[in-house]
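This is what each chain is made of:
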Amino acid sequence: MSSPVTSPSTSSASPSDSAEIVPRAQEYHSSEPHQPPGPKQKKYQTHAGRNRFGCGGRLVCSRSHGAFVVTVFLMIATLTLYFVFDAPFLWDYSPAIPIVAAVFSITVISNFVATSFTDPGILPRVENIEIIEMDRQMGMTNGHTNDPTVQRPRFRDVIINGEHVKMKYCTTCRLYRPPRCSHCAICDNCVLMFDHHCPWVGNCIGLRNYTYFYRFVFCLSILVIYLFACAVTHMSLLAQQMPFGEVMRKTPGSVVVIVVCFLTTWSIIGLACFHTYLLCADLTTNEDLKGLYRKKHRPTPPSSNASVNPGNPTKNPFYTGCLKSFAGRLFKSRFPSVLDATGFVDHQPTIEIRVPIEHFTEKSGTNGE
């Protein structure tokens with residue numbers, strides 16, 4: 001992650017506790033400041049995670065793509081066989097039958113592509129210059145300024161809707177993960193509101209592409225049932241006119257469609273029902289598998305402060321009701337990308353140090369000014 005570039009600004013002293021006195025505090029330059037700058041690099045070119053980027057960083061996916069290729073092949077092959085063997089026959093009965101299949105097919109494919117190539121909510125890694133400043137501020141807080149032996153706490157506690165939620169420190173990305181964020185071992189990234197890594201779509205499922213993923217799974221379950229019913233209807237109508245063996249020879253594509261849909265429909269429908277439950281309960285797959293907020297609550301997860309809420313059960317602080325949770329996660333606007341893969345890397349960032357006004361008041365009183 002490129003260090004955030006903040007424009008220098010000043011603010012007048014005010015009686016507030018956190019008055020911002022920002023005199024463009026520090027600038028860190030390279031060891032050769034007079035060397036002419038090289039060609040600009042985009043952030044996706046220096047990204048440390050295991051991802052692939054396309055279209056100048058606008059498309060993001062995982063490097064592991066074996067199951068993704070299988071998914072693409074099955075969808076294309078099944079839809080091709082349906083529209084070659086079944087759709088022309090059913091068109092004579094009612095044009096609406098293949099038209100409905102086409103609409104669902106376009107919906108499934110578009111949401112599949114969006115799920116596979118959308119940034120799921122990757123958090124960029126913290127750079128060395130930010131770590132130095134973080135250590136300096138933590139050292140001042142702990143009274144051990146510039147002490148290399150001071151270790152960063154493993155957890156931090158935040159209160160959300162009256163519940164204590166831990167933020168774990170990620171040693172790879174070198175940051176405290178926000179609530180509901182987790183590190184994907186396959187893509188080697190911290191992902192906001194991490195749900196799971198889905199090899200079938202070739203990407204992590206997180207805050208920014210979960211809506212696409214649910215629409216894909218839900219519409220795919222309907223499409224699979226619809227194709228199965230159409231292929232069975234096609235073969236049943238032909239069987240009334242000729243022997244069944246001749247029907248199989250005349251429309252072998254329908255047999256393949258029936259077999260593929262029958263074998264895949266159970267897992268797809270089960271997955272759609274499971275994620276419908278997660279939406280209504282306002283949970284992620286990761287939280288559900290860990291059992292953090294089940295009805296039989298587990299003890300409070302380990303935190304940085306063992307005396308906080310000891311032994312009391314942890315309720316889901318994000319749950320606001322079945323309908324609100326369902327609608328809130330499906331129909332809210334998409335969160336902007338934090339990765340900013342299309343942006344340019346700033347090799348000479350500026351760090352602003354915001355000093356509370358009390359610091360200057362105490363210093364002025366000491367110097368007699």
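As annotated in an unreviewed UniProt entry, the chain is Palmitoyltransferase from Caenorhabditis remanei. The UniProt entry for the chain carries the following comment under Catalytic activity (unreviewed entry): "L-cysteinyl-[protein] + hexadecanoyl-CoA = S-hexadecanoyl-L-cysteinyl-[protein] + CoA".

A. How the structure looks around the side chain of His 196. As for its position among the elements, His 196 is in strand E10 (residues 196–198). A relative accessible area of 16% places His 196 in the buried class. A distance of 2.5 Å separates polar atoms of two side chains, one belonging to His 196 and the other to Asp 195.

B. A look at helix H8 (residues 322–330). Among all positions of H8, only Ser 325, Arg 329 and Leu 330 are buried. For H8, the angular spread of the buried residues around the axis is 110°, confining them to a single face. Of the exposed residues in H8, those oriented more than 90 degrees away from the buried face are Leu 323 and Lys 324. Where H8 is buried, its residues contact helix H4 (210–239) and helix H6 (252–281).

C. Main features of the sheet that holds strand E5 (residues 155–160). The strand order across the open sheet formed by 3 strands is E5-E6-E7, and the pairing between neighbours is antiparallel. Strands at the two margins of the open sheet, each flanked by one partner only, are E5 and strand E7 (175–176). With 2 bridges connecting them, strand E6 (residues 163–170) and E7 associate as antiparallel partners. Bridging from a neighbouring strand, Cys 170 pairs with Leu 175 of E7.

D. Region of the structure containing the packing of H4 against H6. Contact pair H4 / H6: the axes reach a minimum separation of 8 Å and the direction vectors enclose 145°. Our pair here, H4 against H6, has a crossing hand that is left-handed.

E. A look at the nonpolar core. Judged by nonpolar contacts, the single largest core of 44 residues is most densely connected at Tyr 82, Val 108, Phe 216 and Leu 227. Elements with a contribution of two residues or more to this core: helix H1 (66–93), helix H2 (96–117), H4 and H6. With 15 residues, the top contributor of residues to this core is H4. Filtering out sequence-adjacent residues up to four positions away, Phe 216 remains in contact with Met 75, Val 108, Asn 111, Phe 112 and Val 201. The next biggest cluster of nonpolar side chains, apart from the first, holds 12 residues, and it includes Leu 123, Ile 131, Cys 170 and Cys 190.

F. Main features of the pairing of strand E2 (residues 51–54). Sheet analysis places E2 next to strand E3 (residues 59–62), joined by 4 bridges and oriented antiparallel. Looking at E3, one finds that Gly 54 is bridged to Leu 59. Where E2 folds back on E3, the antiparallel hairpin that results is connected by 4 residues, among which Cys 55 adopts a positive phi of roughly 55°.

G. Structural view of unusual backbone geometry. One non-glycine residue, Asn 161, adopts positive backbone phi at about 50°. With respect to the secondary-structure elements, Asn 161 resides in the loop between E5 and E6. According to the relative accessible area criterion, Asn 161 is exposed, its value standing at 62%. The phi torsion at Arg 174 lies on the positive side, around 60°, for a residue other than glycine.

Each value, and the rule that gives it
Residues numbered from 1 in each chain as written. Predicted model: local features only at pLDDT ≥ 70, side-chain atom pairs only at ≥ 80, totals over all residues. Heavy atoms only, no water. UniProt positions renumbered as here; feature names shortened; annotations may be inferred. Helix = DSSP H or I, 4+ residues; strand = E, 2+ residues; numbered from the N terminus. Buried < 20%, exposed > 50% of the residue type's maximum accessible area, 1.4 Å probe, protein only. Polar contact = N/O pair within 3.5 Å; in protein donor to acceptor, adjacent residues only side chain to side chain. Arc of directions from axis to C-beta. Contact = heavy atoms within 4.5 Å. Pairing = 2+ DSSP bridges. Axes fitted to C-alpha atoms, helices over the stretch in contact; angles between N-to-C directions. Left-handed = near helix turned anticlockwise from the far one by under 90°. Core = buried A, V, L, I, M, F, W, Y, C linked by side-chain atoms within 4.5 Å.

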